[in-house]
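Chain residues, written in single-letter form:
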Amino acid sequence: MTPEGLALLRRAAAELSLDLSAQEGQFARLLELLQAGNQRLNLTALKTEEDIILKHFIDSLTTLRGGHLNGEWRTLDLGTGAGFPALPLALAQPKLSLVPLDSIRKKIDFVRETAQALGLSQVTPLVGRAETLGQSEEHRGQYDRVVARAVAALPVLAELALPLLRVGGLFGAQKGPISDEELNAGRRAAGEVGGRVVEVDEFNLPISGDARTLIVLEKQRPTPAKYPRREGVPTHQPLFWKAK
Ligand code: SAH
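Everything numeric here is computed off the predicted structure, so don't read it as measured data.

A. Main features of the overall build of the chain. Within the chain, the regular secondary structure consists of nine helices and seven strands. Here the C-alpha atoms of the chain give a radius of gyration of 17 Å, agreeing with the 18 Å that 2.2 N^0.38 yields for 244 residues. When the backbone C-alpha atoms are referred to their principal axes, the chain occupies close to 50 × 35 × 35 Å. Within the chain, the proportion of its 244 residues that are buried is 55%.

Given below as structure tokens:
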């Protein structure tokens, strides 16, 4: 990481009231691994140091807003891609136990290698689909927290994430600006799968000022057995929402 990159990381973290001074070396290493992995595997569209620091690292850490991840929570990152938000969260919040999930094996292989290189033993990446995990005894109802960044429309996410949570668990969906239409469909979908939208936190990303929304759902009752529906159906026939 260049001195400019380090200054940017510090300034943006301070805007989120985070002190990352103990983890700066690890963030620098993550940046290197991501840039090397990207040349090999084409993992992410963001390639410049500034973009990776702001739009991957800092953006991922905005899931810490509201304090919902302050705890020894068993947390699943649904559709982690190259490891976001899971890897920055693991660095900033070492008490979390994290399961980065993605259906694409090469992405999970990268996340696993990277977690190992960073010494993150509390990160256990998994190849699979949320629809399958949500109907498996091993994963259904087993998580305290689920997070997802830039994966699907809110009604789709509600159906994929809520089955994985225990009653009382929370799901944080990271999005850009969200339309009233999507939010309303998300509220109805949440009700259908056993939960409720409890927070809509609109804010701007540090430095760039890009609009972001963190939507928090709480699971309040067990999810009906028919959810999640089989692979692909939540996306192609979203609850209360027109498929794109
Ligand atoms: N969260 C990452 C990646 C977003 S791209 C980031 O913000 O950078 C969305 C990712 O979700 C893709 O890697 C895709 O493979 C994965 N994905 C989409 N639907 C999924 C599902 N049902 N189960 C598991 N992974 C899924």
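B. A look at the pattern of salt bridges. In this structure the tally under the stated criterion is 14 salt bridges. A salt bridge links Glu 181 to Lys 242, with the nearest nitrogen and oxygen atoms 3.9 Å apart. A residue pair is termed long-range when its members are at least 10 positions apart, and Glu 181 in helix H8 (residues 180-192) and Lys 242 in the segment after helix H9 (233-236) qualify at 61 residues. Each of Asp 59, Arg 149 and Arg 212 takes part in one network of salt bridges that share partners.

C. Highlighting unusual backbone geometry. With an omega of 5 degrees, the peptide bond between Phe 84 and Pro 85 qualifies as cis. In this model, Ile 207 sits at a positive phi of 65 degrees, which is unusual for a non-glycine residue. Relative to the helices and strands, Ile 207 is located in the loop between strand E6 (195-204) and strand E7 (211-219). Relative accessible area serves as the criterion here: at 33%, Ile 207 is assigned to the partly exposed category.

D. Region of interest: the packing of aromatic side chains. Tallying each qualifying case throughout the model produces two aromatic pairs. Here the aromatic residues Phe 27, Phe 57 and Phe 84 are joined through ring pairs into a cluster of three or more. Its end group placed over the ring of Trp 73, Arg 145 keeps NZ or CZ at 4.1 Å from the ring centre. Here Lys 242 stacks its cationic end above the ring of Trp 241, 4.3 Å away from the centre of that ring.

E. Seen up close, the packing of helix H1 (residues 3-15) against helix H3 (residues 49-61). In the contact formed by H1 and H3, the axes pass within 10 Å of each other and the chain directions differ by 25 degrees. The angle between the axes of H1 and H3 places the two elements in the roughly parallel class. H1 and H3 meet at a crossing whose hand is right-handed. In this structure, H1 uses Gly 5, Leu 8, Leu 9, Ala 12 and Ala 13 to contact H3, whose residues at the interface are Glu 49, Glu 50, Ile 53, Leu 54 and Ile 58.

F. A look at the site of the ligand. Every one of the 16 residues lining the ligand counts as a neighbour, but Gly 79, Phe 84, Asp 102, Glu 131 and Arg 149 are closest to it. In this structure, Phe 84 approaches the ligand through a main-chain N or O atom, which is 2.7 Å from a nitrogen atom. At a separation of 2.7 Å, an oxygen atom of the ligand approaches a polar side-chain atom of Asp 102. Protein burial of the ligand: of its 580 Å² of free accessible surface, 81% is covered by the chains. Grouping the amino acids of the shell around the ligand by side-chain chemistry returns six nonpolar, five polar and five charged.

G. View of the environment of Val 99. Assignment of secondary structure puts Val 99 in strand E2 (residues 97-102). The class for Val 99 is buried, based on a relative accessible area of 5%. Along the primary structure Val 99 and Val 146 are separated by 47 residues, whereas in three dimensions their C-alpha atoms are 9.3 Å apart. If sequence neighbours within four positions are ignored, Val 99 has contacts with Arg 74, Thr 75, Leu 76, Asp 77, Thr 124, Leu 126 and Tyr 143.

H. A look at H8. Under the 1.5 Å per step criterion, the end-to-end length of H8 is 18 Å for 13 residues, consistent within 8% with the ideal 18 Å. Along H8, the residues that are buried comprise Glu 182, Leu 183, Ala 185, Gly 186, Ala 189 and Ala 190. One face of H8 carries all of its buried residues, which in axial projection span an arc of 165 degrees. Residues Asp 180 and Arg 188 are exposed on H8 and point more than 90 degrees away from its buried face. Its buried side turned inward, H8 meets helix H7 (154-161), strand E5 (165-175), E6 and E7. Positive phi shows up at Gly 194, right after H8, with a value of about 105 degrees.

I. Structural detail: the sheet that holds E5. Across the sheet, which stays open at both edges, the seven strands sit in the order E3-E2-E1-E4-E5-E7-E6 with mixed pairing between neighbours. The open sheet terminates on both sides in strands that have one partner only, identified here as strand E3 (126-127) and E6. Pairing analysis gives two bridges linking E2 to E3, with the strands arranged parallel. Each bridged residue has a counterpart across the sheet, and for Leu 101 the counterpart in E3 is Leu 126. Across the sheet, H3 lies against strand E4 (143-149), E5 and E7, angled at about 150 degrees from E4, the strand it touches most. Across the face of the sheet, H7 comes into contact with strand E1 (74-78), E4, E5 and E7 while running at roughly 150 degrees to E5.

Quick notes on the rules
- Residues numbered from 1 in each chain as written.
- Predicted model: local features only at pLDDT ≥ 70, side-chain atom pairs only at ≥ 80, totals over all residues.
- Heavy atoms only, no water.
- Helix = DSSP H or I, 4+ residues; strand = E, 2+ residues; numbered from the N terminus.
- Rg over C-alpha atoms; globule rule 2.2 N^0.38 Å.
- Buried < 20%, exposed > 50% of the residue type's maximum accessible area, 1.4 Å probe, protein only.
- Salt bridge = Lys/Arg side-chain N within 4 Å of Asp/Glu carboxyl O.
- Phe/Tyr/Trp six-rings, centres within 6.5 Å; stacked < 30°, edge-to-face > 60°.
- Lys NZ or Arg CZ within 6 Å of the ring centre and 35° of its normal.
- Axes fitted to C-alpha atoms, helices over the stretch in contact; angles between N-to-C directions.
- Parallel < 35°, antiparallel > 145°, perpendicular 65-115°, else oblique.
- Left-handed = near helix turned anticlockwise from the far one by under 90°.
- Contact = heavy atoms within 4.5 Å.
- Near = heavy atom within 4 Å.
- Polar contact = N/O pair within 3.5 Å; in protein donor to acceptor, adjacent residues only side chain to side chain.
- Areas by Shrake-Rupley, 256 points an atom, 1.4 Å probe, with all protein chains shown as cover.
- Nonpolar A, V, L, I, M, F, W, Y, C, P; charged D, E, K, R; others polar.
- Expected span 1.5 Å × (residues − 1).
- Arc of directions from axis to C-beta.
- Pairing = 2+ DSSP bridges.

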